[in-house]
Amino acid sequence: MKSTNKFLTILIFIFLYIPMAVLIVASFNSGKDITRFEGFTWNQYAELFRDETLLGLLGNSILIALLSTGISVALGTMAAVGIHSLKPRMRNFVMSLTNIPMTNPDIVTGVSLSLLFVFLGSGLLGQRESLNFWTLLIAHVTFGLPYVILNVMPKMQQMDRSLTDAAMDLGCTPVQAFFKVTLHEIMPGIVAGGIMAFTMSLDDFVISYFVTGSGFVTLPVEIYTYTKKPIAPKVYAMFTLLFLLIAVLMVGINLMQLRAEKKKLDTRPVSKGWQIAKRCIAGALVLALVIGCCWLIFGQKRDQVTINVYNWGMNIADGTDDTMDIIAEFEERTGIKVNYSTYESNEVLYSKLKNGGISVDVIIPSDYMIDRMIAEDMLEKLDYSNIPNFEFVDEQFKNPAFDPTQEYTVPYTWGTVGILYNTQYVDEADVVSQGWGVLWDEDYAGKILMIDNSRDALGIAQLLLGYDLNTMDKTELQACADKLAQQRPLVQQYVMDQIYATMQNEEAWIAPYYAGDCMLMMEENENLAFYLPEDQGFNLFTDAMCIPKGCQEKAAAEAFINFLSDPEISGANMDYICYASPISAAKDYMEDYLAESEIVYPDDEVLEKGTAYAYLSEDLSRYMENLYQQATKISDSTDTEQAPSAVPYIIIGVIFVGTATVLMFTGKKRRPKE
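Calculation rules
Residues numbered from 1 in each chain as written. Predicted model: local features only at pLDDT ≥ 70, side-chain atom pairs only at ≥ 80, totals over all residues. Heavy atoms only, no water. Helix = DSSP H or I, 4+ residues; strand = E, 2+ residues; numbered from the N terminus. Areas by Shrake-Rupley, 256 points an atom, 1.4 Å probe, with all protein chains shown as cover. pLDDT = per-residue confidence, 0-100. Contact = heavy atoms within 4.5 Å. Buried < 20%, exposed > 50% of the residue type's maximum accessible area, 1.4 Å probe, protein only. Pairing = 2+ DSSP bridges. Polar contact = N/O pair within 3.5 Å; in protein donor to acceptor, adjacent residues only side chain to side chain. 1 Å grid on protein atoms, 1.4 Å probe; cavity = no way out; pocket = protein on both sides within 12 Å on 5 of 7 lines; lining within 4 Å. Points joined across faces, edges and corners; volume = space filled by probe spheres on them. Salt bridge = Lys/Arg side-chain N within 4 Å of Asp/Glu carboxyl O. Patch = residues over 30% accessible without salt bridge, like charges linked within 9 Å, V, L, I, M, F, W, Y side chains within 5 Å. Lys, Arg positive; Asp, Glu negative; His and termini not counted. Charge placed at Lys NZ, Arg CZ, Asp CG, Glu CD. Axes fitted to C-alpha atoms, helices over the stretch in contact; angles between N-to-C directions. Phe/Tyr/Trp six-rings, centres within 6.5 Å; stacked < 30°, edge-to-face > 60°. Lys NZ or Arg CZ within 6 Å of the ring centre and 35° of its normal.

Student: Whenever I open this one, the overall build of the protein chain confuses me. Can you help?
Tutor: Counting its secondary structure elements, the protein chain contains 26 helices and 10 strands. Carbon and sulfur atoms make up 59% of the accessible area of the protein chain, which totals about 35,000 Å².

Student: Whenever I open this one, the confidence of the model for the protein chain confuses me. Can you help?
Tutor: Detail in the predicted coordinates should be disregarded across regions flagged by low pLDDT. Considering every residue of the protein chain, the mean pLDDT works out to 84; 86% of them sit at 70 or more. Below a pLDDT of 50 lies the segment residues 662-674, which in the model reaches three contacts outside its immediate sequence neighbourhood of four places, other chains included.

Student: Looking at this model, I keep getting lost on the pairing of strand 5 (residues 448-451). Mind explaining?
Tutor: Side-chain direction in a regular strand flips from residue to residue, so the side chains alternate between the two faces of the sheet. Here strand 5 shows no split at all, with Ile448 and Met450 on one side and Leu449 and Ile451 on the other all buried. Two elements, strand 5 and strand 6 (residues 491-495), share four bridges in a ladder whose sense is parallel. Of the residues in strand 6, the one forming a bridge with isoleucine 448 is valine 491.

Student: Would you explain the side chain of asparagine 315 in this entry?
Tutor: Tracing the chain through its elements places asparagine 315 in the loop between strand 1 (306-312) and helix 13 (326-334). By relative accessible area, which is 4% here, asparagine 315 ends up buried. Within the structure, asparagine 315 has its side chain in polar contact with the side chain of asparagine 311 (distance 3.2 Å). Filtering out sequence-adjacent residues up to four positions away, asparagine 315 remains in contact with Tyr340, Tyr412, Ile577 and Tyr579.

Student: Would you take a moment to explain empty space enclosed by the protein for this structure?
Tutor: In this approach the atoms are scanned with a rolling probe the size of a water molecule, which exposes any empty space left behind. Scanning all chains against the criterion turns up five cavities of 30 Å³ or more. Volume-wise, the largest cavity comes out at about 220 Å³. For the largest cavity, the lining is made up of 21 residues, of which Trp312, Ser366, Tyr514, Phe541 and Asp543 are closest to its centre. Those elements that provide at least two residues to the lining of the largest cavity are helix 15 (367-375), strand 7 (510-514) and strand 9 (538-545).

Student: Would you mind showing me how to read the pattern of salt bridges here?
Tutor: Note on pairing: side chains with opposite charge can pair once their charged atoms come close. Taken as a whole and judged by the stated rule, the model has 10 salt bridges. For arginine 372, the salt bridge is made with glutamate 376, and the minimal N-O distance between the two is 3.2 Å. The same class applies to arginine 372 and to glutamate 376, which are both buried. Between glutamate 534 and lysine 609 there is a salt bridge, with the nearest N and O atoms lying 3.6 Å from each other. Here glutamate 534 is found in the loop between strand 8 (528-531) and strand 9, whereas its partner lysine 609 is found in the loop between helix 24 (604-607) and strand 10 (610-611), with 75 residues between them in sequence. The partly exposed category is assigned to glutamate 534, whose relative accessible area is 31%. Accessibility expressed as a relative area gives 35% for lysine 609, which makes it partly exposed. Counted as one network, the salt bridges with shared partners bring together Lys354, Arg372 and Glu376.

Student: Looking at this model, I keep getting lost on a negative patch on the surface. Mind explaining?
Tutor: Where like charges cluster on the molecular surface, the negative patch consists of Glu598, Asp603, Asp604, Glu605 and Glu608. Within the secondary structure layout, glutamate 605 lies in helix 24.

Student: Explain the sheet that holds strand 3 (residues 362-363) to me, please; I cannot follow it from the model alone.
Tutor: By way of backbone hydrogen bonds, the strands of a sheet pair with one another, either parallel or antiparallel. Judged by pairing direction, the sheet is parallel, and its three strands sit side by side in the order 2-1-3 without closing on themselves. Two strands lie at the open edges of the sheet, namely strand 2 (337-343) and strand 3, each paired on one side alone. Relative to strand 2, strand 1 is paired through seven bridges, and the arrangement is parallel. Within strand 2, the residue paired with valine 309 across the bridge is tyrosine 340. This element, helix 14 (residues 346-355), spans strand 1, strand 2 and strand 3 of the sheet and lies at about 145° to strand 1.

Student: Would you mind going over the side chain of serine 61 with me for this structure?
Tutor: Its location among the elements puts serine 61 in helix 3 (residues 52-84). If near-sequence neighbours (up to four positions away) are discounted, serine 61 is found in contact with Leu202, Thr218, Leu219 and Pro220.

Student: Whenever I open this one, the environment of isoleucine 24 confuses me. Can you help?
Tutor: Mapped onto the secondary structure, isoleucine 24 falls in helix 1 (residues 2-27). For isoleucine 24, a relative accessible area of 23% translates into the label partly exposed. Non-local contacts of isoleucine 24, meaning those with residues more than four positions away in its chain, are made with Thr240 and Phe243.

Student: So what exactly am I meant to see when it comes to the environment of alanine 559 here?
Tutor: Take alanine 559: it is sitting in helix 21 (residues 554-564). Alanine 559 gets classed as partly exposed once you look at its relative accessible area, which sits at 26%. Placed 223 residues apart in sequence, alanine 559 and isoleucine 336 show a C-alpha to C-alpha distance of 9.3 Å. If we skip the residues at most four places from it in the chain, alanine 559 touches Phe330 and Ile336.

Student: Would you mind going over unusual backbone geometry with me for this structure?
Tutor: For residues besides glycine, phi is generally negative; the peptide bonds are generally trans as well. Unlike most non-glycine residues, aspartate 377 shows phi in positive territory, near 55°. Located in the positive-phi region is glutamate 506, a residue other than glycine, with phi close to 65°. By secondary structure assignment, the location of glutamate 506 is in the loop between helix 19 (499-504) and strand 7.

Student: How do you make sense of the environment of glutamate 625 when you look at a structure like this?
Tutor: Structurally, glutamate 625 can be placed in helix 25 (residues 618-634). By relative accessible area, glutamate 625 is classed as partly exposed at 28%. Between the alpha carbons of glutamate 625 and leucine 458 there is a distance of 9.3 Å; along the sequence they are 167 residues apart.

Student: I'm lost on helix 14 in this one. Help?
Tutor: Helical geometry: 3.6 residues make up each α-helical turn, so side chains three or four residues apart lie on a common side. Buried within helix 14 we find Asn346, Leu349, Tyr350, Lys352 and Leu353. Each element contacted by the buried residues of helix 14 is listed here: helix 9 (206-211), strand 1, strand 2, strand 3 and helix 15.

Student: Would you mind going over the packing of aromatic side chains with me for this structure?
Tutor: The relation between two aromatic rings is expressed through the spacing of the ring centres and the mutual angle of the planes. On inspection of all chains with the given rule, the structure shows 24 aromatic pairs. Ring centres 5.0 Å apart and planes at 55° place the aromatic pair tyrosine 384 and phenylalanine 390 in the tilted group. Residue phenylalanine 390 is classed as buried on the basis of its relative accessible area of 12%. Relative to tryptophan 509, the ring of tyrosine 425 has its centre 4.7 Å away and its plane inclined at 10°; by these criteria the two rings are stacked. In this pair, tyrosine 425 is assigned in the loop between strand 4 (410-422) and helix 16 (428-434) and tryptophan 509 in the loop between helix 19 and strand 7, connecting sequence segments 84 residues apart. Taking the relative accessible area as the measure of exposure, tyrosine 425 reaches 35% and is therefore partly exposed. By relative accessible area, which is 18% here, tryptophan 509 ends up buried. The cationic tip of lysine 352 hangs over the ring face of tyrosine 209; the distance from NZ or CZ to the ring centre is 5.3 Å. Directly above the aromatic system of tyrosine 350 lies the positively charged group of arginine 372, at a separation of 4.0 Å from the ring centroid.

Given below as structure tokens:
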């Protein structure tokens, strides 16, 4: 039996630690393919320490983790002491409330905190930007606090209360008794809770994603945008160092606890000088930490102009793959600091700006969203005298339908939406003969991805059914939703940026997506191919640079737009993101395979068959979103008259049963009859 237990224990630890072992090995791999070790190298670590951006993001994460842990430990310890002093019934009730934030889904916590901060910041206080460094810190304290309380409480219960009574009998005040006796007894719980709060904060993505502003981004949030390309090996090196940091921290704390236990058995008197020295060292470390944190938070030069840029994920060259680091180049040439953050859809961008959650200076939405923002007076008019490079923009991209008076935008990229498929598993004849209909082909059931975007998804159904891509007929839109509902059993998942890993790893075989991103995936997997259904039509889109209302550095924002419109910069940028530039002169600075690609630059005859999305009213946009959700996320039925969901009743029942159970076990026990 003992040998079986040992074997199972070994298997469990192998299961727990083998992923980290693979990561550590990959960080020393001289090749980029994680499945094949090509040789030992330290280059990944050297690149990591040369990457100021990545180290800055890591510093942001550690700063938030340290501050939130310190606050959580202080508040959590005080809360645990207070809870311990309550009567048993009330104590059990409060501890039940403490457990709820830990079991609550992160996405619920993130959304609720985001709504709260926006309501307080924009609604009550009238702030221009509701989400910032402080909201992120408060959110991390919120989910770190319960871990401290739940680790300190057992130590409070194990402690002999007579110790504090004895200390006060000997002349200590209650505060002195706490610091001289209670604190020492519960210190292991405080340390354990602090470690858990630190690691949870350092690792958090979901909650941080919803409460992060544009000026302060943590590493997990930024890593999420790396899904369009394989993760750089230097990121493996960074994760390895973080793992070793936590491991060293845990070993050090265990050694400290062992030493503390030995000291309890040691009856020799402790030198008073050594006690004073330890306190001085601890105070110096705390002071250094506070000064360092203040410098990181407030140390930015006040006279330095800073702009906040909000763009699609991985939609600007960052220096990887031997490309130009666009932002670093702009900062070096102009001295203007750029805080760069990303979004994954036009709708996410619109929601954050509309709700007042963030304040940004430059955004890069798509055509139909620009049209909507202009209609709702969300954009500033540009001063084109500050954007002389606008002259390089091709005439066909000037005065577009979404900005006919050319007052608000400068085009950034353009492209098409087509079909990406794997030639090993999908017959090219099926794609060519069916066009968009191949996404409904039952032969590929379970291997089809669908774009998780109501406008694009319904647009594909509109093209397949022969409707206008900008139809406002609700009967036609309902027919499109019915068509999507028919497709739903065949779809593996609805995706946006997740498409990269899924298609490149051949977990799915066919998907609709944007041509430029398809080029990126085709570079990584030679089995992938792209098809544009010309006969049925396709979406022809343009993304453009704009300045939102409330911009504080308009001239600097226009300087950034002007910089991106330079033909040389635009060409270098397109080399990385693989989209088409609205500046023909940029082709001279692009790789030949991109500049000559028919996928990136279809000929004029093909482009005539494409259609751009037009602005739809807010009511119609909401109606389309509801149709999309009903067809793809809620029910397999195509009938809009849905049967009442049982979920609310289940939730109410669980709450009722849980409340009854809590009351049953926390109520007073009756004395047995004699």
